[in-house]
Amino acid sequence: VEVNRDYDLSRPIDSTQGMRQGLTSYGDAHFSLFLRKVFIKALGYSEDALSRPIIGIVNTYSSFNPCHANIPQLIDAVKRGVQLNGGLAIDFPTISLHESFASPTSMYLRNLMSMDTEEMIKAQPVDAVVLIGGCDKTTPAQLMGGISANKPILHLVTGPMMPGSHKGARIGACTDCRNNWASFRAGVIDIEEIATINEELAPTAGTCGVMGTASTMACILVGLGLMSFKGASAPAVSSARLRIAESTGANAVAVITAGERLKPQSLLTRESFINAITVLQAIGGSTNAVVHLMAIVNRHPKLAGSITLDTFDEVGRRTPLLVDLKPSGSNYMTDFHNSGGMGALLHKLRPLLHLEAMTISGKTLGEALDSEILLPIPRELQCIQAFDAPLYSASSIVVLRGNLAPQGAVMKASASKDRKLLNYSGRAVVFAGSVDLARRIDDENLDVTPESVLVLQNIGPVGNPGMPEAGLIPIPRKLASQGVTDMLRISDGRMSGTAGGTIVLHVSPEAADPDSVFGIIRDGDVITCNIEERVIRVEISDEEIQGRLSVRRKEVAAQKSHPWIEREKMRGYRGLYMRSVNQADQGADFDFLRTET
Ligand code: FES
Ligand code: MG
């Protein structure tokens, strides 16, 4: 194994070598080296240990984060892989984000985590880094930071949790959290039963066991070439997961000798992203992944701006939906794993993939697939459909544009429950924000019919910091009780990857922007959604739009408490977030973190 020369930690203290990038400086080069060695030796490392390639392991463990509960074991296994192969493994912490314990939303903190990750990778003398994470925002944050830092990165996800069991049926977070709570509210199950269910929904460590955002991002990492095939789906509590960790450590040592070639800014090409988007469409993945992938690609100096929302739509038109998991199907991630996981899926998608794309294994995707041994799986155990017998023929996720969303909006068309809504016009019932929605949605006197279009404004990146997953606007109770199960719903917010319905999300620019047309929609305006034409439009004249906008701009300017105005003098991280976050179509990243192009 190549000896680490980049960081001088093993160099004799009388070295005359000058300062190198990535090393803490105390002014005088010799004295700086001397001090670094004083402190690294306090940890007990020998000269021999320090002469090895140093593999950093990013530790995102927290006792608040059950999705990451297996990280201590994973770190042990990664270290074993590194050290059996002649490297020195050193773990260090970054912040930990769990979906349920990251107020106001974990999305608000994703960019902070990406900054933490980027700066700690740059600040410390590591030759390559293993990024351990899994919960929804963690893998995107780590990849955003990793691309910007541009040292070799290897992702290791914590893996999905096992399903639980209730009255003989399997249940799992979080699709079944929603159904069971609805049954409890409807009086179908009682308090004792819902309490029992509460204990079974997340029965082990690991990420949500359905095709939510965590699983989607894990599959996307494989599509990008940054993780091994089995890496996406092996259960968090399996011994397979530990062997994946060990081999990730081994690979981290090997990656160093490849030089520039396997650093993220060289490894990731346009073709890698097209492969990842193909995976997203074929798994019927979470719409959140669109926002994350836009943030990720815009960190890449050679690719920023060249992949847009339209790329997702183009790829979707030729990609069938093949994976039958909750929320759209009935299976869990463990079933996907047992059906061959990403290796089996990528084999089926072969005609659509750029097989020449490089992967972190040093092989191209095509070479990696050729060396994958696939055992035949009995049809009844199979949750990956054949390429010519898909669950949905194409365009699982579509991108819509029109006067309502000039910068775009996103819909998971495959999750629509009432297909007539995909080509539809109806009158808007408008809610000005989450509070207004909560106050009025179940009001008996709400002027709404099954033909209405529900509009929720001001839950975009600035309007409701963190862009909450409130886009799944509930069906008003008085309609739900008549048996209405789906309506066309539109917002500038996000939706959980575990939810479904005919729901337009991520409308850009968001309603809080004084120039946003979405912000001036009123009750009774006719809204048209046409999936074939990829159109989302409000049927009012341009003159009417300009008239309403000029009134609104004045109103906003006069309102001291409007977030668009108030943000100019907000303190701390919130102020930084509010002033710097860009729109969902750009990834809701901070403008100053986007690559310089
Ligand atoms: Fe962590 Fe779902 S809460 S993956
Ligand atoms: Mg989620």
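About the cut-offs
Residues numbered from 1 in each chain as written. Chains lettered and ligands numbered in written order. Predicted model: local features only at pLDDT ≥ 70, side-chain atom pairs only at ≥ 80, totals over all residues. Helix = DSSP H or I, 4+ residues; strand = E, 2+ residues; numbered from the N terminus. Rg over C-alpha atoms; globule rule 2.2 N^0.38 Å. Buried ≥ 20, exposed ≤ 12 C-beta atoms within 10 Å, placed from the backbone. Contact = placed C-beta atoms within 7 Å. Axes fitted to C-alpha atoms, helices over the stretch in contact; angles between N-to-C directions. Parallel < 35°, antiparallel > 145°, perpendicular 65-115°, else oblique. Nonpolar A, V, L, I, M, F, W, Y, C, P; charged D, E, K, R; others polar. Pairing = 2+ DSSP bridges. Expected span 1.5 Å × (residues − 1).

J.: I'd like a description of the overall build of the protein chain, backed by residues and values.
T.: Scanning the protein chain from N- to C-terminus turns up 21 helices and 14 strands. What you see for the protein chain is a C-alpha radius of gyration of 25 Å, in line with the 25 Å of a compact globule of 597 residues. Its C-alpha atoms put the protein chain at 80 × 60 × 50 Å along the principal axes. When burial is assessed residue by residue, the protein chain has 51% of its 597 residues classed as buried. Counting contacts in the protein chain only where the partners sit at least 6 residues apart, residues at least 24 apart contribute 77% of the total.

J.: Which residues make up unusual backbone geometry, and what values go with them?
T.: With omega at 10°, the peptide bond leading from Lys326 into Pro327 counts as cis. Counting through the fold element by element, Pro327 comes out in the loop between helix H13 (309-317) and helix H14 (333-338). Phi angles above zero are rare outside glycine, and Asn458 is one such case at about 65°. You can see Asn458 is positioned in the loop between strand S10 (453-456) and helix H18 (477-480). Residue Asn458 is classed as buried on the basis of its C-beta count, with 24 C-beta atoms lying within 10 Å. Although it is not a glycine, Arg534 adopts a positive phi angle of roughly 60°. If you trace the backbone, Arg534 turns up in the loop between strand S13 (526-530) and strand S14 (535-538).

J.: Pulling in residues and values, what's your account of the packing of helix H5 (residues 138-149) against helix H12 (residues 288-297)?
T.: Remark: H5 packs on H12, axes separated minimally by 9 Å, with the N-to-C direction vectors making an angle of 10°. Our classification of the angle between H5 and H12 gives roughly parallel. Side by side, H5 and H12 meet where Pro140, Leu143, Met144 and Ile147 of the first sit next to His292, Ala295 and Ile296 of the second. Split by residue class, the contact of H5 with H12 holds six nonpolar, one polar and no charged.

J.: Explain the sheet that holds strand S2 (residues 88-93) residue by residue, including any values.
T.: Spatially, S2-S1-S3-S4 is the arrangement adopted by the four strands of the open sheet, whose pairing is parallel. A strand with exactly one partner marks an edge of an open sheet, and here the two such strands are S2 and strand S4 (153-157). Put simply, the sheet's adjacent strands are angled 25° from each other on average, direction ignored. Pairing geometry for strand S1 (residues 54-59) and S2, over six bridges, is parallel. Along S2, the bridge assignment pairs Val58 with Phe92.

J.: If you had to explain helix H8 (residues 213-224) to someone new, which residues and values would you point to?
T.: The end-to-end C-alpha separation of H8 is 16 Å, in line with the 16 Å expected for 12 residues at 1.5 Å each. Where H8 is buried, its residues touch H5, S4, helix H11 (270-283), H12, H14 and helix H15 (341-349). Directly after H8, the chain includes Gly225, whose backbone phi takes a positive value near 90°.

J.: Got a sec to walk through the environment of His68? Specific residues and values, please.
T.: Secondary-structure assignment places His68 in the loop between S1 and helix H3 (71-84). Since 28 C-beta atoms lie within 10 Å of it, His68 is described here as buried. Put simply, His68 and Pro563 are 495 residues apart on the chain and 34 Å apart in space, counted from C-alpha to C-alpha. Ignoring anything within four residues of it in the chain, the contact list for His68 reads Thr60, Tyr61, Ser62, Ser96, Gly133, Gly134, Cys135 and Thr158.

J.: I'd love a proper account of the pairing of strand S7 (residues 397-400), names of residues and values included.
T.: Along S7, one buried face is formed by Ile397 and Val399 and the opposite face, lined by Val398 and Leu400, is buried too. Judged from the four bridges that link them, S7 and strand S8 (residues 408-412) form a sheet pairing that is antiparallel. In the strand pairing of S8, Ile397 is matched with Lys412.

J.: Outline the sheet that holds S8, supporting the account with residue identities and numerical values.
T.: Spatial strand order, S7-S8-S12-S11-S10-S9-S13-S14: eight strands in an open sheet with mixed pairing. The sheet terminates laterally at S7 and S14, the two strands that pair on one side only. For this sheet, the mean inter-axis angle between neighbouring strands, taken without regard to orientation, is 25°. Taken together, the four bridges between strand S9 (residues 423-431) and S10 define a ladder with parallel strand orientation. Across the sheet, residue Val430 finds its bridge partner in S10, namely Val455.

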